Amino acid sequence: MKTIPLFKPSFHVDECLSEIRECLEKGWTGLGYKTLIMEEKWKEYTGLPYAHFLNSATAGLHLAVKILKDRHGWKDGDEVISTPFTFVSTNHAITYAGLKPVFADIDGTLNLNPGSVVSRITPRTRAIMFVGIGGNAANFPEVREIGRKHGLKVILDAAHMAGTRIDGVHAGHGADVTVFSFHAVKNLPTADSGMLCFSDEESDRMARRLSWLGIDLDTYSRSLKDDAYKWKYDVPCVGFKYHGNSVMASLALVGLKYLDEDNGYRRRIAGWYAGALDEGPELSVVRHEGCESSRHLFQILLENREAAIIKLNRHGINPGVHYRDNREYPQYQEALDKCPECVRLSGKVLSLPVHLGMTEDDVERIADVLKENG
Ligand SMILES: *Cc1c(COP(=O)(O)O)cnc(C)c1O
């Protein structure tokens, strides 16, 4: 019996090795060189004006929130409306920056419900953090509009959205800042890295300084000049060690060439699933509408999820759950009835395997297991 994992990254091994070989032969595996090339290629690919390559999306989300806070004079404890239905990085980033995640509810798209977002706005609300679950941009345009109307910053956690397009443009346009993940099992897999895309130059400049311990890049480049002050650079603030490196960027540069083709195949897998599954009161499919989704995930809602997981595991198929309600974790605890749809949907949601090694037969096998009784 062939086992089918939930995720399995594919790499163009020879191309990756030859990019990495260039780093090794040049003697440059760190910040600069391929990281700068990747930033240029990502801007070209997405049409976004700024891009800074980091060691993870988690680091990017932290810098996104911190820089907005610093630039706009937000106070500790000011509020960011966020979703409880996400990977914990999203809400940790708000917490790292000393701000408070205020949870709004989701709807059947698994993304934030625009009406619930409006109901959470208080005089201390500063921003909205939106996550496009599984690559789905549903509700994002409405939430972006709510942000604009209420003078709130909009942060897009686009960890699942590499390659998602909305009305023909890449996800991220219209947000104040967007963060992508190139984690080992995301759509553009490296091992660990991410991209922080601000919409303005000053924030991008601050991100570059903060991602490298606060070192002032202008005095650093001056220090590279051949004079007696080569050793001298300024450190005007306490930054972090968050920047990416040229080995990760090598993997990203190769992956980017194939991203659209790979996502196209993911959408085919989603189509096969939608055709093969029997929808009804026991099972429904979460649709990605109003966008060309990267299809990081294919999710269904099940009345009896735990029985389905046992059945699938018995057949060597490994599904996943994205996500557990973050309010079940002690640091985000609050009365669960504040977001009833999140509670309901996180108890039913199941992610079925989506990766480039899968065939239509695999999808049918998975659908057949789900149809089995008992
Ligand atoms: C994976 C993920 C992140 C974090 O990405 P890293 O690159 O691993 O730090 C953030 N948000 C969401 C929704 C994710 O799925």
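Residues numbered from 1 in each chain as written. Predicted model: local features only at pLDDT ≥ 70, side-chain atom pairs only at ≥ 80, totals over all residues. Heavy atoms only, no water.

(A) Structural detail: the packing of helix 2 (residues 34–46) against helix 9 (residues 246–276). Between helix 2 and helix 9, the shortest axis-to-axis distance is 8 Å and the interhelical angle comes to 25°. With respect to their mutual orientation, helix 2 and helix 9 come out roughly parallel. Two packed elements cross with a definite hand, and for helix 2 against helix 9 that hand is left-handed. Between helix 2 and helix 9, the residues in contact are Lys-34, Thr-35, Ile-37, Met-38, Lys-41, Trp-42 and Tyr-45 and Ser-246, Ala-249, Ser-250, Ala-252, Leu-253, Leu-256, Leu-259 and Asp-260, respectively. (Axes fitted to C-alpha atoms, helices over the stretch in contact; angles between N-to-C directions. Helix = DSSP H or I, 4+ residues; strand = E, 2+ residues; numbered from the N terminus. Parallel < 35°, antiparallel > 145°, perpendicular 65-115°, else oblique. Left-handed = near helix turned anticlockwise from the far one by under 90°. Contact = heavy atoms within 4.5 Å.)

(B) Representation of the state of the cysteines in the model. In this structure the tally under the stated criterion is zero disulfides. The closest cysteine sulfur to the non-disulfide-bonded Cys-342 is located on Cys-339, 6.2 Å from its own sulfur. (Disulfide = S-S within 2.5 Å.)

(C) Representation of the site of the ligand within the structure. By nearness alone, 17 residues border the ligand, and Thr-58, Asp-157, His-160, Ser-181 and Lys-186 come closest of all. Between the ligand and Lys-186 there is a distance of 3.1 Å, counted from an oxygen atom to a side-chain nitrogen or oxygen. For the ligand, an oxygen atom lies 3.2 Å from a polar atom in the side chain of Tyr-323. If the ligand stood free it would expose 380 Å²; the protein chains cover 94% of that surface. Of all elements in the fold, only helix 3 (57–72) and helix 4 (89–96) reach the threshold of two or more residues within the shell around the ligand. Considering each element in turn, the shell around the ligand owes the most residues, three residues, to helix 3. Residue classes in the shell around the ligand are distributed as six nonpolar, nine polar and two charged. (Near = heavy atom within 4 Å. Polar contact = N/O pair within 3.5 Å; in protein donor to acceptor, adjacent residues only side chain to side chain. Areas by Shrake-Rupley, 256 points an atom, 1.4 Å probe, with all protein chains shown as cover. Nonpolar A, V, L, I, M, F, W, Y, C, P; charged D, E, K, R; others polar.)

(D) Geometry of the sheet that holds strand 10 (residues 283–285). Strand order in the open sheet formed by three strands is 10-11-12, and the pairing between neighbours is antiparallel. Lying at the two open borders of the sheet, with one neighbouring strand each, are strand 10 and strand 12 (349–352). For this sheet the average axis-to-axis angle between neighbouring strands, irrespective of direction, equals 35°. In this sheet, strand 12 lies alongside strand 11 (residues 298–302) in antiparallel orientation, the contact comprising four bridges. Its bridge partner being in strand 12, Gln-299 is matched across the sheet by Ser-351. (Pairing = 2+ DSSP bridges.)

(E) Representation of unusual backbone geometry in the model. Of note, the amide linkage connecting His-322 to Tyr-323 takes the cis form, showing an omega dihedral of 10°. Relative to the helices and strands, Tyr-323 resides in the loop between helix 10 (305–314) and helix 11 (340–346).

(F) Seen up close, the environment of Val-88. Structurally, Val-88 can be placed in the loop between strand 2 (79–82) and helix 4. Distance in space between the C-alpha atoms of Val-88 and Gly-290 is 26 Å, their sequence separation being 202 residues.

(G) Representation of the packing of aromatic side chains. According to the stated counting rule, one finds ten aromatic pairs in the structure shown. Ring geometry for Phe-85 against Tyr-323: centres 6.3 Å apart, planes inclined by 90°, an arrangement best described as edge-to-face. Taken together, the residues Phe-85 in the loop between strand 2 and helix 4 and Tyr-323 in the loop between helix 10 and helix 11 connect sequence positions 238 residues apart. Joined through ring pairs, the aromatic side chains of Trp-42, Tyr-45, Phe-53, Phe-180 and Phe-182 make up one cluster. (Phe/Tyr/Trp six-rings, centres within 6.5 Å; stacked < 30°, edge-to-face > 60°.)

(H) Looking closely at the nonpolar core. Ranked by internal contacts, the top residues of the largest apolar core, which has 42 residues, are Met-38, Trp-42 and Met-195. Only helix 1 (13–26), helix 2, strand 4 (125–131), helix 6 (140–149), strand 5 (153–157), strand 9 (194–198) and helix 9 provide two or more residues apiece to this core. One finds Ala-97, Leu-99, Ile-155 and Ala-207 within the second-largest nonpolar core, a separate group that totals 26 residues. (Core = buried A, V, L, I, M, F, W, Y, C linked by side-chain atoms within 4.5 Å. Buried < 20%, exposed > 50% of the residue type's maximum accessible area, 1.4 Å probe, protein only.)

(I) Examining the sheet that holds strand 9 more closely. Reading across from one edge, 1-9-8-5-4-2-3 is the order of the seven strands in this open sheet, with mixed pairing throughout. Two strands close off the open sheet at either side, each with one partner strand: strand 1 (52–54) and strand 3 (100–103). The mean inter-strand angle of the sheet, taken between neighbouring strand axes irrespective of direction, is 25°. As paired elements, strand 2 and strand 4 share three bridges and run parallel to each other. Note that in strand 4 the partner of Val-80 across the bridge is Ala-127. Set on the sheet, helix 4 makes contact with strand 2, strand 3, strand 4 and strand 5; between it and strand 3 the angle comes to about 135°.

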